[in-house]
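Close look at the chain arrangement
Residues per chain are reported as follows:
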Amino acid sequence: AQKVTQAQTEISVVEKEDVTLDCVYETRDTTYYLFWYKQPPSGELVFLIRRNSFDEQNEISGRYSWNFQKSTSSFNFTITASQVVDSAVYFCALTEGGDSSYKLIFGSGTRLLVRP
Amino acid sequence: NAGVTQTPKFQVLKTGQSMTLQCAQDMNHEYMSWYRQDPGMGLRLIHYSVGAGITDQGEVPNGYNVSRSTTEDFPLRLLSAAPSQTSVYFCASSYRDGNTIYFGEGSWLTVV
């Protein structure tokens with residue numbers, strides 16, 4: 001069965017610290033997609049990244065970076081030099097390929113609090 | 001371009017009442033879905049549709065009905081609301097490749 005585990009329920013850091021959010025997934029398929037979403041206090045879901053299972057290159061976007069490792073079934077998310085505006089709940093999610101590419105399986109989320 | 005629009009944003013229902021959460025998208029997406037978000041559990045798939053006239057159940061379908069008469073609209077119906085359906089509901093849509101899955105802003109539902 002497909003499953004996404006975010007073991008860190010809540011993380012608290014001081015502004016400008018680096019922080020890594022962990023995501024471990026389980027799937028039987030060889031073709032799948034991994035996502036990260038941000039949910040700020042206002043409640044909407046903000047898309048951050050989508051990565052397919054054949055692309056293991058790490059990705060960097062400004063202060064955000066993602067480390068995809070198929071060997072450990074992990075897709076971790078690092079925020080460098082965190083800011084108060086990064087305070088939110090972050091969700092990791094998985095979809096399988098083909099006809100299921102639109103059905104997201106979410107982890108339980110990690111609440112990040114960045115203190116000034 | 002409005003994206004995915006959900007209404008209402010907030011609703012309080014009494015146990016046993018019925019209501020419909022509306023979802024509309026203007027991107028001509030084939031796929032539309034409804035999720036619910038409960039504390040500490042992430043989002044779970046309720047129902048989904050791969051095109052007009054086609055719907056199917058997700059992980060937690062009990063107590064909900066859906067229909068897809070047009071590509072644009074995908075309403076979620078609660079026939080007899082229960083306190084266990086107190087949750088935040090999100091509608092989502094995407095093209096067939098699922099490359100980008102767009103979410104509505106959410107609907108906060110309380111059943112008392």
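Residues numbered from 1 in each chain as written. Chains lettered and ligands numbered in written order. Predicted model: local features only at pLDDT ≥ 70, side-chain atom pairs only at ≥ 80, totals over all residues. Heavy atoms only, no water.

By the definition in use, this model includes six salt bridges over all chains. Residue A:Asp55 is joined to A:Arg51 by a salt bridge in which the shortest nitrogen-to-oxygen separation is 3.7 Å. Accessibility expressed as a relative area gives 28% for A:Asp55, which makes it partly exposed. Put simply, B:Lys9 and B:Glu105 hold a salt bridge, and the shortest N to O gap is 3.9 Å. Placement of the pair is B:Lys9 in the loop between strand S1 (4–7) and strand S2 (10–13) and B:Glu105 in the loop between strand S10 (102–103) and strand S11 (107–111), with a sequence separation of 96 residues. Because the salt bridges share partners, they merge into one network encompassing A:Arg51, A:Asp55 and A:Glu59. (Salt bridge = Lys/Arg side-chain N within 4 Å of Asp/Glu carboxyl O. Buried < 20%, exposed > 50% of the residue type's maximum accessible area, 1.4 Å probe, protein only. Helix = DSSP H or I, 4+ residues; strand = E, 2+ residues; numbered from the N terminus.)

On to the interface of chain A and chain B. Each partner contributes to the interface: chain A provides 18 residues, whereas chain B provides 21 residues. Each partner contributes to the roughly 1,600 Å² buried at the junction of chain A and chain B, and carbon and sulfur atoms together form 58% of this total. For chain A, the biggest contributors to the area lost against chain B are A:Leu45, A:Tyr102 and A:Phe106; these three give 36% of the whole. Linking chain A with chain B are zero salt bridges. There are four residue pairs in polar contact (both at pLDDT 80 or more) connecting chain A and chain B. For the side of chain A that touches chain B, the secondary structure elements donating two or more residues are strand S5 (32–39) and strand S10 (88–96) of chain A. Residue contributions to the side of chain A that touches chain B peak at three residues, all from S5(A). When its residues are assigned to classes, the side of chain A that touches chain B shows seven nonpolar, seven polar and four charged. (Contact = heavy atoms within 4.5 Å. Buried area = accessible area lost by both parts, 1.4 Å probe. Polar contact = N/O pair within 3.5 Å; in protein donor to acceptor, adjacent residues only side chain to side chain. Nonpolar A, V, L, I, M, F, W, Y, C, P; charged D, E, K, R; others polar.)

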